[in-house]
Amino acid sequence: MILEELKKIKAFGSSLESSVTPEDIADKEAELGFTLPWALQELYLTFHPDDPAFTEKGNLIPLGDLKIYKRIYWKDTVITILPFCRHERYGYGFEVSRYHKSKDMMSNNDLEDPEMWGLYVSPKTRKEEKHLEGHEVPCNQSKLSRWIVEWLGYQQTLAQPSVVAVNRDKAANYWKRMRGFFPDTFYHIPIEQLSPHRTNFEVNFVEEPSRLLCGSVLYSGTAYFGGKTDKELEQLMKQMGFKYVWIKSQDGHPIFNSAPPQPPRERELKSITPVLQFLCEFAGIEGKGAKEESIARAEERLGASLPLPMAEFYRYLPGRFYRSYNVVRPLSGLKQTKDGKLNFLEENQAVYHWAAELNSPFLYRRANDGVAEWSAYGILDGFLAAEFLWALACDEKLDLVLWEFPDFEPAMLSEGGKLNPYLSPIAGITDRIAAGNTRTLYQAMDGQAVGLYDSEECTFWFVTKDEAAQEGLEALFDIESGSQQLFADNSL
């Protein structure tokens, strides 16, 4: 049914062979009481559960561990699902049958190519125990055969030795360039099915001269490009003219959004008002954000005061900047979740959420995949000061110039380093509020430039008031003019 497609996907990865035999499948079918769909049988006969393709957001459940789950759909229908892959507590599987309580009737699904469903296989709450949503597969209903090929192609993309990510929503002529460089797909849709076809994963590949993959989830603006070497991907991105970040690198490129080395230590929060006032003056804005009565209403609703730097952040950031980079939740939308978190910020590609906690200095982050837990990621004061800068720097109307310092090394910030003599803390405190955070703010050229060091990505950015200030810095550091200028859409 999909054997040829599976072999093609496998050719882009490991040679690890399946240990499953037809007899093993027959034994599992006897245990379950029904015949497994051909597409699923071919998956198990082709791939081993330990294949590197199953190391990302979807592990293949070993054949021997397959078991059915029952979930209520609507009010009177119980659907039987057989998940075959899972990510943490969430699983994806196909419908086996459904029981209609009101009619006391059982109906069997078409097991030749059944519908896919998503559900929690390790629920922690009553809501998760009842959870059954077809649109979370990952977003559209799909037939098993097509879903396996699309999902597995996406998995194989992320499993490549080298991977970069591109914000396809902001990449000029993305689709036109994609069709030119990646003409092939693993799953070919018959013409008569084009109209009703609904995709979950989009995967394209090219075999000559290099074996490269491009995969993405339908609802995500992020496209991932995978290859055998960093050099191949660098050449590809240059040809396509895309700005990108590294997700996996073999040559030591800084990795985008890698986890902090260790949880931050608790410390007392500091006021960031002097820093925000400096940044507002630097950007040429008045810094009139939320009104005092709006902050008071939010605190009254929450039953406690907002953490000091969080209240200051809202007080100084005008609403027009809430979506210039990451998405800031307005004060009226702040509310405590059951675990006590205030989810106030969403990453611009909806990959991560950030939250605060009343009476706590910590910043928390979690992946936006429905299963990840919150983890302490930083301290609010330093994080919010850096976030304030990003919101201003990425606003097109301000005409600030954002560029990355070339060939940066952390030693440049140390005493005697190339950058050190020209940098100083903003308002005398940004070095202190950097404690527990991955980003540090500096000022340079008597306030004509702001620097941001990201230790997580091992990069250093300058934001200047105009191109004249940028040229002044380039001359100061003997950098070829304009060669490193980047815009806001370089960051995912």
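Owing to the predicted nature of the structure, the values given are computational and were not obtained by experimental measurement.

*Asks:* Any chance you could explain the sheet that holds strand 9 (residues 201-206) here in plain terms?
*Replies:* Paired through backbone hydrogen bonds, the strands of a sheet run either parallel or antiparallel to each other. Read across the sheet, 6 strands follow the order 8-9-10-11-7-12 without closing on themselves; strand pairing throughout is antiparallel. Only two strands of the sheet have a single neighbouring strand rather than two, namely strand 8 (184-185) and strand 12 (245-248). Here 6 bridges tie strand 7 (residues 162-167) to strand 11 (residues 222-227), and the two strands are oriented antiparallel to one another. The residue of strand 11 that forms the bridge with Val164 is Phe225. In the packing of helix 5 (residues 144-158) onto the sheet, the strands contacted are strand 7, strand 9, strand 10 (212-217), strand 11 and strand 12, and the crossing angle to strand 9 comes to about 60 degrees. Contacts from helix 7 (residues 230-240) reach strand 7, strand 10, strand 11 and strand 12, with the element oriented near 135 degrees to strand 11.

*Asks:* Please clarify how the environment of Pro264 should be interpreted in this entry.
*Replies:* Along the chain, Pro264 turns up in the loop between strand 12 and helix 8 (273-283). For Pro264, a relative accessible area of 13% gives the class buried. In this structure, the C-alpha to C-alpha distance between Pro264 and Asn437, residues 173 residues apart in sequence, is 7.2 Å. Discounting residues that sit within four places of it in the chain, Pro264 has contacts with Phe362, Ala376, Tyr377, Gly378, Ile379 and Gly436.

*Asks:* Where do I start with the sheet that holds strand 19 (residues 439-444) in this structure?
*Replies:* One open sheet holds the 4 strands; their spatial order is 18-21-20-19, and the pairing between them is antiparallel. What marks the edges here is a single partner per strand, and that holds for strand 18 (401-404) and strand 19. Strand-to-strand twist in this sheet, taken as the mean axis angle between neighbours without regard to direction, amounts to 20 degrees. Inspection of the sheet shows strand 20 (residues 449-454) paired to strand 21 (residues 459-464) by 6 bridges, in the antiparallel sense. Across the sheet, Tyr453 pairs through a bridge with Phe460, a residue of strand 21. In this fold helix 8 packs onto strand 19, strand 20 and strand 21, with an angle of close to 125 degrees to the strand it touches most, strand 20. Together, strand 18, strand 20 and strand 21 form the strand contacts of helix 12 (residues 467-476), whose direction differs from that of strand 18 by roughly 25 degrees.

*Asks:* Would you take a moment to explain the environment of Arg267 for this structure?
*Replies:* By the element assignment, Arg267 lies in the loop between strand 12 and helix 8. Measuring from C-alpha to C-alpha, the distance between Arg267 and Gly436 comes to 8.6 Å, with 169 residues separating the pair along the chain. Beyond its immediate sequence surroundings of up to four residues, Arg267 is in contact with Pro361, Ile379, Asp381, Arg432, Ile433, Ala435 and Asn437.

*Asks:* Teacher, can you tell me more about the pattern of salt bridges here?
*Replies:* Close approach of charged atoms lets side chains of opposite charge pair. Enumeration over the complete set of coordinates arrives at 18 salt bridges. Salt-bridge contacts for Glu150 lead to Arg146; the nearest nitrogen and oxygen are separated by 3.8 Å. In this pair, Glu150 and Arg146 both sit in helix 5, 4 residues apart, roughly one turn of the helix. For the pair Glu150 and Arg146, a shared accessibility class is recorded, and that class is buried. In this structure, the salt-bridge partner of Arg439 is Glu387, at a minimum N-O distance of 3.3 Å.

*Asks:* Would you mind showing me how to read helix 10 (residues 308-316) here?
*Replies:* Three or four residues apart is the spacing at which side chains of an α-helix point the same way, because the helix has 3.6 residues per turn. Within helix 10, 7 of the 9 residues are buried, which leaves it mostly tucked inside the rest of the structure. Taken together, the buried positions of helix 10 are occupied by Pro309, Met310, Ala311, Glu312, Phe313, Tyr314 and Tyr316.

*Asks:* Where do I start with the packing of helix 8 against helix 11 (residues 380-393) in this structure?
*Replies:* Each pair of packed helices can be described by the angle between their axes along with the distance between the axes. Contact pair helix 8 / helix 11: the axes reach a minimum separation of 10 Å and the direction vectors enclose 15 degrees. Our classification of the angle between helix 8 and helix 11 gives roughly parallel. At the point where helix 8 passes helix 11, the crossing takes the right-handed sense. Together, Val275, Leu276, Leu279, Cys280 and Ala283 of helix 8 and Ala385, Phe388, Leu389 and Leu392 of helix 11 make up the contact between the two elements. Residues of the contact of helix 8 with helix 11, tallied by class, amount to 9 nonpolar, no polar and no charged.

*Asks:* In this structure, what is going on with the pairing of strand 3 (residues 77-87)? I would like to understand it.
*Replies:* Within a regular strand, the side chains alternate between the two sheet faces. Taking burial as the measure, the 11 residues of strand 3 include 10 buried ones, the bulk of the element. Where strand 1 (residues 59-60) meets strand 3, 2 bridges bridge the pair, whose relative direction is antiparallel. From the neighbouring strand, Asn59 faces strand 3, where its bridge partner is Arg86. Across 5 bridges, the pairing between strand 2 (residues 69-73) and strand 3 is antiparallel. Residue pairing in the sheet places Ile72 in a bridge with Val78 of strand 3. With antiparallel pairing between neighbouring strands as the criterion, strand 2 and strand 3 make up a hairpin whose turn holds 3 residues, including Trp74 at a positive phi of roughly 60 degrees.

*Asks:* In this structure, what is going on with the packing of aromatic side chains? I would like to understand it.
*Replies:* The description of two aromatic rings rests on the distance between their centres and on the angle between their planes. With the rule as written, the count across this model stands at 37 aromatic pairs. Aromatic pair Trp147 and Trp151: ring centres 5.3 Å apart, planes at 20 degrees, arrangement stacked. Of this pair, Trp147 and Trp151 both sit in helix 5, 4 residues apart, which is roughly one turn of that helix. Residues Trp147 and Trp151 agree in their burial class; the two are buried. Site record: aromatic cluster; members linked through ring pairs are Phe47, Phe54, Phe84, Tyr90, Tyr92, Tyr120, Trp147, Trp151, Tyr154, Phe201 and Tyr224. Stacked on the ring of Phe12, the Lys or Arg Arg211 has its end atom at 4.1 Å from the ring centre. The aromatic ring of Tyr364 is capped on one face by Lys341, whose charged end is 4.5 Å from the ring centroid.

Scoring rules and cut-offs
Residues numbered from 1 in each chain as written. Predicted model: local features only at pLDDT ≥ 70, side-chain atom pairs only at ≥ 80, totals over all residues. Heavy atoms only, no water. Pairing = 2+ DSSP bridges. Helix = DSSP H or I, 4+ residues; strand = E, 2+ residues; numbered from the N terminus. Contact = heavy atoms within 4.5 Å. Axes fitted to C-alpha atoms, helices over the stretch in contact; angles between N-to-C directions. Buried < 20%, exposed > 50% of the residue type's maximum accessible area, 1.4 Å probe, protein only. Salt bridge = Lys/Arg side-chain N within 4 Å of Asp/Glu carboxyl O. Parallel < 35°, antiparallel > 145°, perpendicular 65-115°, else oblique. Left-handed = near helix turned anticlockwise from the far one by under 90°. Nonpolar A, V, L, I, M, F, W, Y, C, P; charged D, E, K, R; others polar. Phe/Tyr/Trp six-rings, centres within 6.5 Å; stacked < 30°, edge-to-face > 60°. Lys NZ or Arg CZ within 6 Å of the ring centre and 35° of its normal.

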